[in-house]
Structures are given as C-alpha cells and as structure tokens.
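Chains, contacts and geometry: an overview
Residues per chain are reported as follows:
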Amino acid sequence: MLNFLFKGAKQGDEELAIYYGYALIDLYSKDRAKLLSGIDKLKEFQLVEHKKDFLYLMAIFYGDDDLGLFSAQKRDYYLKEAYKAGHDYAGEMIKEMERLEKESVE
C-alpha cells in the first residue's frame with residue numbers, strides 16, 4: 001500500500017502524498033529510521049493544492065511524542081505555517097496551546 005501511495009504521489013497526486021504521510025505514521029510509528037526516511041521522501045513532493053495539509057502533517061510528525069521525533073520548535077513552526085496556509089484546525093491548536101501556556105503561568 002505504501003508503495004502505491006508513494007508512486008501516485010510521485011506522479012503528482014497531492015492527495016496521495018498526504019495519505020502517504022499518514023500511512024507512514026500508521027506503519028512506522030515505532031521505527032524512527034523508516035519514519036525519517038519516509039518524511040524525507042514526502043518533503044520532496046511539490047505540494048500546491050494540499051500545502052496546508054502537508055504543513056499540518058509535518059506538525060504532527062514533530063508534535064507526537066509517540067513517534068520519537070518530538071521537537072516543540074519544529075512542531076510550532078509547522079503549525080504556524082499550516083495556519084498561515086489556511087489550515088483552520090492548526091489555528092485552533094495554536095490558540096489552545098497558547099491558552100494552556102497562559103494558564104500554567106498563572
């Protein structure tokens with residue numbers, strides 16, 4: 001399945017590129033090396049119509065502790081970029097994170 005998604009994405013199907021990214025999480029969540037290799041391949045695709053989805057997906061890769069790639073700096077960067085590109089849920093997540101941070105300071 002992953003190979004099918006990759007080939008379709010490589011031929012320019014942006015939706016399959018996004019599905020490829022989510023499949024990476026499902027298949028390689030416990031294999032950091034394969035996950036990183038897949039992310040590198042995903043970054044090579046020139047996504048236009050699904051750029052916001054790609055950016056949000058990158059935030060997931062770097063924001064999910066269980067994937068072993070956690071980086072708050074990268075997560076926040078990709079969330080902000082996804083929001084700027086029009087991903088509404090990324091904006092909601094940013095607001096919620098800011099609210100939680102504000103509460104923890106009080």
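Just so you know, these numbers come straight off a predicted model, no measurement behind them.

On to the overall build of the protein, then. Scanning the protein from terminus to terminus reveals 6 helices and 0 strands. Sequence-ordered secondary structure for the protein, helices as α and strands as β, is α-α-α-α-α-α. Here the C-alpha radius of gyration of the protein, 14 Å, is about what a compact globule of 106 residues would show, namely 13 Å. Along the three orthogonal principal directions, the C-alpha set of the protein runs to about 50 × 30 × 15 Å. The 106 residues of the protein split such that 37% are buried.

Once that is clear, we can look at the nonpolar core. Among the nonpolar cores identified, the biggest contains 31 residues, and Tyr20, Leu42, Phe45 and Phe61 are the most heavily contacted of them. At the level of secondary structure, the elements contributing two or more residues to this core comprise α1 (2–10), α2 (14–28), α3 (32–44), α4 (51–63), α5 (72–84) and α6 (88–105). By residue number, the principal contributor to this core is α4, which donates 8 residues. Those residues in contact with Leu42, other than ones at most four positions away along the chain, are Ala17, Tyr20, Gly21, Phe54, Leu57 and Phe61.

Considering all chains together, one arrives at 6 aromatic pairs under this definition. With a centroid separation of 5.6 Å and 50° between ring planes, the pair formed by Phe6 and Tyr20 is classed as tilted. In this pair, Phe6 is assigned in helix α1 and Tyr20 in helix α2, connecting sequence segments 14 residues apart. Given the relative accessible area of 3%, Tyr20 is considered buried.

Conventions adopted
- Residues numbered from 1 in each chain as written.
- Predicted model: local features only at pLDDT ≥ 70, side-chain atom pairs only at ≥ 80, totals over all residues.
- Heavy atoms only, no water.
- Helix = DSSP H or I, 4+ residues; strand = E, 2+ residues; numbered from the N terminus.
- Rg over C-alpha atoms; globule rule 2.2 N^0.38 Å.
- Buried < 20%, exposed > 50% of the residue type's maximum accessible area, 1.4 Å probe, protein only.
- Core = buried A, V, L, I, M, F, W, Y, C linked by side-chain atoms within 4.5 Å.
- Contact = heavy atoms within 4.5 Å.
- Phe/Tyr/Trp six-rings, centres within 6.5 Å; stacked < 30°, edge-to-face > 60°.

That's the geometry; what it means functionally is another story.
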